[in-house]
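Report on the structure
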Amino acid sequence: MKDSFGREIDYIRISVTNDCNLNCRYCRGESAGGQSNCFTQMLSSENIIDVCAAAAELGICKVKITGGEPLLRKDIASLCKKINAISGISEVTMTTNGILLGHYAESLYDAGIKNVNVSLDTIDRERYRSITGFDGVNSVLKAVDTALECGIRVKINSVLYRDAFENDDELLDNCTGLADYFCRMGIDVRFIELMPIGPGTGQIKYSGHMVLNHMKKIFGTPGICNETVGNGPAVYYSFDGLSGRIGFINAIHDKFCDRCNRIRLTPEGRLKACLCYGENIDLLPIIRKNNRELLVSAIREVVNAKPREHCFEDNANITEKRKMVDIGG
Ligand code: SAM
């Protein structure tokens, strides 16, 4: 369906848990100490399926499973399979930190998950430990291989987290290393500007343009890819010698809200229309009424109220106070 600014909303990100097995400094924050944040209530598989079926009636046909870490949810493969089976849903994909991906890759593929985004900010073991709090990079690298062997297409998402580096050069070298490693394997790598959400607030908003300029120095003049890749707002470049593409999601420095196609469901059932604002509708009481029409109309209400754009450049007006791990990035 179209929102009040004429944007086609056909994509929902569903966070299936707010638990995570990493403590990324900009997302969950170091204070978590490996502890789960506990909700008194988390949507059941049936609840999530009800929301997807209602959303599908409005033309929302693409689903991204997120978290927290979605692979911590025990029923994840069967949940994905059930969502895939809903009439009107054309694609179910997932974003994961990859720690458990090797274990689940085959069952995810069997459940119809053919595309997975792996969030990975560095391939350096020590740097990874410093950002996430865990010694896990080798598990993630192995898991990517396993996922590919199972037939899952993988993209790498990497947040430009300047605070983890001594200076710009270190960050830029890290980006080059990541791109070189994965693009030579034919895997696309996307660099994502850090958004001022949760522990990401107040940190350096490093620009994707600086990374692109550095890539040009290292890999030469790129070609810009005009075709749309995936459902996201990334702008992709291809470089000679690299079979994977390098993409940029410059949410701060190149606002793309005019192309935004998504809404988001939090693990406890709140439906929100923009990352930047806290406004949401609690779907759980509506789901419990077991009335599809009411649910469809609540989703329509959220889409209709979708703001024109985020205000991440203006901290004072950001009303979302939760962390990305609790919303589903
Ligand atoms: N655990 C899963 C994962 O790692 O993909 C899903 C949840 S995680 C919150 C989703 C994505 O949000 C990750 O790529 C993460 O790096 C990103 N993220 C977290 N905090 C962010 C922030 N402040 N700005 C931009 N991206 C952020």
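As shown above, the structure is provided for reference.
Fair warning: this is a prediction, and the values are worked out from it, not measured in the lab.

Counting buried positions along strand β6 (residues 188–193) gives six out of six residues, so the element sits mostly inside the fold. Here β6 shows two buried faces, one formed by D188, R190 and I192 and the other by V189, F191 and E193. Where strand β5 (residues 153–160) and β6 come together, six bridges link them in parallel fashion. Within the sheet, the bridge partner assigned to I156 lies in β6 and is V189. Judged from the four bridges that link them, β6 and strand β9 (residues 246–249) form a sheet pairing that is parallel. Paired with F191 across the strands is F248, a residue of β9.

Another aspect to go through is the packing of helix α1 (residues 45–57) against helix α9 (residues 292–304). Viewed as axis vectors pointing N to C, α1 and α9 meet at an angle of 70°, and their least axial separation amounts to 9 Å. What the angle tells us is that α1 and α9 run roughly perpendicular. In terms of crossing hand, the pair formed by α1 and α9 is right-handed. Residues D50, V51, A53, A54, A55 and E57 of α1 lie in contact with α9, whose contacting residues are R292, L295, V296 and I299. For the contact of α1 with α9, a count of residues per class yields seven nonpolar, no polar and three charged.

Another aspect to go through is the site of the ligand. By nearness alone, 17 residues border the ligand, and G68, E69, T95, S119 and M195 come closest of all. Backbone polar atom of G68 to a nitrogen atom of the ligand: 2.8 Å apart, as the coordinates give it. Taking M195, its main chain carries an N or O atom lying 2.8 Å from a nitrogen atom of the ligand. Summarising the interface, the protein chains cover 94% of the accessible area of the ligand, which totals 550 Å² for the free molecule. Considering only residue class, the shell around the ligand consists of seven nonpolar, eight polar and two charged.

Relative to the 18 Å expected for 13 residues at 1.5 Å per residue, α9 spans 18 Å between its end C-alpha atoms, a close match to the ideal helical length. Taken together, the buried residues of α9 touch α1, β10 (262–265), β11 (270–272), β12 (281–282) and α8 (284–288). Its side-chain oxygen 3.0 Å from the backbone nitrogen of E293, N291 forms the N-cap of α9.

It is worth spelling out the pattern of salt bridges at this point. The final tally for this structure, using the stated rule, is 19 salt bridges. A salt bridge links D135 to R125, with the shortest nitrogen-to-oxygen separation between them at 2.7 Å. In this pair, D135 sits in the loop between α4 (125–132) and α5 (137–149) while R125 sits in helix α4, placing the two residues ten residues apart along the sequence. Residues joined in a network through salt bridges with shared partners are E268, R270, K272, D282, E320 and R322.

About the cut-offs
- Residues numbered from 1 in each chain as written.
- Predicted model: local features only at pLDDT ≥ 70, side-chain atom pairs only at ≥ 80, totals over all residues.
- Heavy atoms only, no water.
- Buried < 20%, exposed > 50% of the residue type's maximum accessible area, 1.4 Å probe, protein only.
- Helix = DSSP H or I, 4+ residues; strand = E, 2+ residues; numbered from the N terminus.
- Pairing = 2+ DSSP bridges.
- Axes fitted to C-alpha atoms, helices over the stretch in contact; angles between N-to-C directions.
- Parallel < 35°, antiparallel > 145°, perpendicular 65-115°, else oblique.
- Left-handed = near helix turned anticlockwise from the far one by under 90°.
- Contact = heavy atoms within 4.5 Å.
- Nonpolar A, V, L, I, M, F, W, Y, C, P; charged D, E, K, R; others polar.
- Near = heavy atom within 4 Å.
- Polar contact = N/O pair within 3.5 Å; in protein donor to acceptor, adjacent residues only side chain to side chain.
- Areas by Shrake-Rupley, 256 points an atom, 1.4 Å probe, with all protein chains shown as cover.
- Expected span 1.5 Å × (residues − 1).
- Salt bridge = Lys/Arg side-chain N within 4 Å of Asp/Glu carboxyl O.

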